[in-house]
Amino acid sequence: MTDTAWTRWPSREALSRVGVHKARRLLTRVSRAIALAVIVATTLMNAELHGWALAGGIAGIVLCGFLAWGFWRTTLEHRLLPSLGLLALLLTTAAVGQGVGIRIPALVLWCGCAVSAIERLPLAAALPAAAVALSAYAAVNDDVWLTTAATTVGLALAGYVLRLDAEARGSAQRLLTQERAARAAETESAALAERARIAREIHDVLAHSLSAQLVHLEAARLLIERGADRETILERVVAARGMARDGLAETRQALSALRGEMSPLEDFLGELVTATDGADVTVTGERQPLPAEASQAVRRVAQEALTNVRKHAPGAMIHIRLDYGRHEVTLDVRDSGGKPGELRGSGGGYGLLGMRERAELLGGSLDAGPGEEGFVVTLKVPV
């Protein structure tokens, strides 16, 4: 069955009390209390009711309260037939009350049924039910016809206004729920991105220090097994110690980066070339602060490029150029070439690949390959 404006139920958010302001809830309760007080008072003061008839009238009021609660629940669950059945019982109870002389409660009940039907039922069912209730009201009301007509029209409009207001509140609640879900998803995404960032930092530290240490220690073990001289073995152990010291320094730098406490990029590159023989750095362009991810990418690529030179071309001259452009920063690391080093086979070969992935995540690029003399690594990161 096609869902149209005539067959569509008001949303559950609209039919529930969710999102209703406390002041409005209080006003609704006061209005219902006044209506109930009027019904009970007019019933008790009815001179035609005595004994069992009066008790029956009070029982009818209690019954109507349970039926109204049931109608509220079934409409909230979008159950059409039970809702129409309960509404029919309420209209019948009002007719019985009118028949035994309880006139004002019957009129109030008919009016309430008409307004509630328009507010809470699909329009295809609400309009006939409201028409029956308002027709019964008009038939027994002894006001002039113009007053009766104005009252019935006013009640119908009041029910429709309440329906529109409830739908607007329901839409606002659905949008609020969606916004909360979107914020939760955004928070989760940010947490996952931060975890990935920490994982990359840990991986970089391990790749730059532990793998090289392992190579030196393994070489020292083999030298000991072969009975090599003490100086050769000591050289390997000292090299491993240096790698461990460098790894500790890199770990501290990674922790500082995660805390957002990084030193200026130019100072970092200066310290890097100071600790590397035959290296120099040139900075061009107007210096500007970089985002943490971009700055860390430049640092890691510089470290990886220098590590590769030490592995594959020890003793080569290294030239580092950092250029601050208008929309991107460029790091260029190139060496003069040299004889292959003893560590050329160390590592898993994932250093530059990891750097390239880091650059692409930031919307940049990394190119690495032979140059005119040696090897050239070029990183471009948008800022």
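Residues numbered from 1 in each chain as written. Predicted model: local features only at pLDDT ≥ 70, side-chain atom pairs only at ≥ 80, totals over all residues. Heavy atoms only, no water.

(A) Representation of the overall build of the protein chain. Secondary structure assignment for the protein chain yields eleven helices and five strands. Counting across all 383 residues of the protein chain, residues that qualify as buried make up 37%. Look at the contacts in the protein chain between residues 6 or more apart in sequence, and 70% of them connect residues 24 or more apart. Put simply, the protein chain shows about 22,000 Å² of open surface, and 62% of that area lies on carbon and sulfur atoms. (Helix = DSSP H or I, 4+ residues; strand = E, 2+ residues; numbered from the N terminus. Buried < 20%, exposed > 50% of the residue type's maximum accessible area, 1.4 Å probe, protein only. Contact = heavy atoms within 4.5 Å. Areas by Shrake-Rupley, 256 points an atom, 1.4 Å probe, with all protein chains shown as cover.)

(B) Representation of the pattern of salt bridges in the model. Evaluated as defined, the whole model comprises eight salt bridges. The closest approach of N and O atoms between Glu-179 and Arg-183, which form a salt bridge, is 2.7 Å. One end of the pair is Glu-179 and the other is Arg-183, both in helix α7 (residues 145-225) and four residues apart, which spans about a single turn. Among the salt bridges present, the one from Asp-332 reaches Arg-334, with a minimum N-O distance of 2.8 Å. The buried category is assigned to Asp-332, whose relative accessible area is 7%. Shared partners join several salt bridges into a network, and the residues in it are Arg-73, Glu-77 and Arg-79. (Salt bridge = Lys/Arg side-chain N within 4 Å of Asp/Glu carboxyl O.)

(C) Spatial organisation of helix α10 (residues 292-312). The end-to-end C-alpha distance of α10, which contains 21 residues, comes to 30 Å, matching closely the 30 Å that a straight helix rising 1.5 Å per residue would cover. By the criterion of burial, α10 is predominantly enclosed, with 18 of the 21 residues buried. (Expected span 1.5 Å × (residues − 1).)

(D) Expanded view of unusual backbone geometry. Here His-78, not a glycine, exhibits a phi torsion of approximately 60°, which is positive. Tracing the sequence through the fold places His-78 in the loop between α3 (52-76) and α4 (80-99).

(E) Region of the structure containing the pairing of strand β3 (residues 328-335). Buried residues dominate β3, accounting for six of its eight residues. With seven bridges connecting them, strand β2 (residues 318-324) and β3 associate as antiparallel partners. Note that in β3 the partner of Leu-322 across the bridge is Leu-331. Between β2 and the antiparallel strand that follows it, β3, lie three residues. The pairing of β3 with strand β5 (residues 375-382) spans seven bridges and is classified as antiparallel. Bridging from a neighbouring strand, Val-333 pairs with Val-377 of β5. (Pairing = 2+ DSSP bridges.)

(F) The packing of helix α5 (residues 103-120) against helix α6 (residues 123-140), seen in detail. Remark: α5 packs on α6, axes separated minimally by 8 Å, with the N-to-C direction vectors making an angle of 160°. Comparing the axis directions of α5 and α6 gives the class roughly antiparallel. Judged by the sense of rotation from one axis to the other, the crossing of α5 with α6 is left-handed. Where α5 approaches α6, its residues Arg-103, Leu-107, Trp-110, Cys-111, Cys-113, Ala-114, Ala-117 and Ile-118 are matched on the opposing element by Ala-126, Ala-129, Ala-130, Ala-133, Leu-134, Ala-136, Tyr-137 and Val-140. For the contact of α5 with α6, a count of residues per class yields 15 nonpolar, no polar and one charged. (Axes fitted to C-alpha atoms, helices over the stretch in contact; angles between N-to-C directions. Parallel < 35°, antiparallel > 145°, perpendicular 65-115°, else oblique. Left-handed = near helix turned anticlockwise from the far one by under 90°. Nonpolar A, V, L, I, M, F, W, Y, C, P; charged D, E, K, R; others polar.)

(G) A positive patch on the surface, seen in detail. Where like charges cluster on the molecular surface, the positive patch consists of Arg-17, Lys-22, Arg-25, Arg-29 and Arg-32. Arg-29 gets classed as exposed once you look at its relative accessible area, which sits at 58%. (Patch = residues over 30% accessible without salt bridge, like charges linked within 9 Å, V, L, I, M, F, W, Y side chains within 5 Å. Lys, Arg positive; Asp, Glu negative; His and termini not counted. Charge placed at Lys NZ, Arg CZ, Asp CG, Glu CD.)

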